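Single-letter residue listing:
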Amino acid sequence: MKYVIANWKMYQGTRGGAALVRAMLRAYRGKTDLPEVVVCPGFLAIGELQKVLSRSRVKLGAQDAFWEDDGAHTGSVGPSMLKDAGCEYVILGHSERRAEFGETNEMVSKKVGAALRASLRVVLCVGADIEGPLRGSLEGVLRKDVGRLLVVYEPEGAISSQGRGAEDLEKVLEAFAKIRAVLKDLFNGAVSVPLLYGGSVDGENAYTYLREDAIDGVLVGSASVKIHHITDIIGAALRAMNPRGL
Ligand code: PGA
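Note that this is a predicted model, so its numbers are computed, not measured. (Residues numbered from 1 in each chain as written. Predicted model: local features only at pLDDT ≥ 70, side-chain atom pairs only at ≥ 80, totals over all residues. Heavy atoms only, no water.)

Draft legend 1. View of the site of the ligand. Lining the immediate surroundings of the ligand are N7, K9, H94, E154, I159, S160, G199, S200, L219, V220, G221 and S222. Between the ligand and E154, the relevant distance is 3.0 Å, taken from an oxygen atom to a side-chain nitrogen or oxygen of the residue. Contact between the ligand and S200: an oxygen atom at 2.8 Å from a main-chain N or O atom of the residue. For the ligand, the protein covers 100% of the area, taking 280 Å² as the surface of the free molecule. Residues belonging to the shell around the ligand are distributed by class as follows: three nonpolar, seven polar and two charged. (Near = heavy atom within 4 Å. Polar contact = N/O pair within 3.5 Å; in protein donor to acceptor, adjacent residues only side chain to side chain. Areas by Shrake-Rupley, 256 points an atom, 1.4 Å probe, with all protein chains shown as cover. Nonpolar A, V, L, I, M, F, W, Y, C, P; charged D, E, K, R; others polar.)

In structure tokens:
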């Protein structure tokens, strides 16, 4: 199974977002064996997209969640609220949140714990500095919950807003080996956690990453709101999953 996770950031609102997912669904109508496609819009669009996606196989996710689940926390959105609104996934620890809101590993680990308790699947992002953030953000996670975890290697410099372009495949594979070693150590043995790559993935380069057995999927930012790119990326995942078909 390959994953295509669309991180819309602040690129798309409710109306444009609904039109975009309708176009996405049209492009894949009738196809079987689809990859796991997850759309993560801004909070405000979640309700509307839940309606549009409810009878499709495309899943809904959020770009963040608070570490408390209810209470006096003005302006925050807790994991159970997301679950209640139809989300199955949540992205946590993204480098933009670490840089813009000062999120520390400790804060991310509290969010990871709360999201797992709410039965969300956690898409944990780590940047170029792998070991500290991975250990810190997974502090307290129990082996029994590891099945709901995905880890994204997303070197900060490769994010499209930095303009430096996607990371070389070899470097991604080296980083994945490091991530696997840390996970093995943390959870006392090999665990099956999908590993994704993120950073300037688009319709042109997606297959380079997705065709690798070691790469379980991609996290896509700016290209995920462009219909031709996202359909090509999903097409690349389909091709990687069914090399003899399509
Ligand atoms: P990008 O963003 O695809 O625009 O590089 C990826 C991300 O930051 O999640």
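Draft legend 2. Just unusual backbone geometry, in detail. Unusually for a residue other than glycine, K9 sits at a positive phi of about 50 degrees. Within the secondary structure, K9 is located in the loop between β1 (3–7) and α1 (14–27). For K9, a relative accessible area of 14% translates into the label buried. Of note in the backbone geometry, S200 takes a positive phi value of approximately 60 degrees without being a glycine. Mapped onto the secondary structure, S200 falls in the loop between β7 (195–198) and α8 (206–210). (Helix = DSSP H or I, 4+ residues; strand = E, 2+ residues; numbered from the N terminus. Buried < 20%, exposed > 50% of the residue type's maximum accessible area, 1.4 Å probe, protein only.)

Draft legend 3. Region of interest: the packing of α1 against helix α9 (residues 227–241). Packing of α1 against α9 brings their axes to within 10 Å, and their N-to-C directions diverge by 40 degrees. Classified by the angle their axes make, α1 and α9 are oblique. α1 and α9 meet at a crossing whose hand is right-handed. For the pair α1 and α9, the contacting residues are L20, A23, M24 and A27 in the first and I227, I230, T231 and I234 in the second. Class assignment for the residues of the contact of α1 with α9 results in seven nonpolar, one polar and no charged. (Axes fitted to C-alpha atoms, helices over the stretch in contact; angles between N-to-C directions. Parallel < 35°, antiparallel > 145°, perpendicular 65-115°, else oblique. Left-handed = near helix turned anticlockwise from the far one by under 90°. Contact = heavy atoms within 4.5 Å.)

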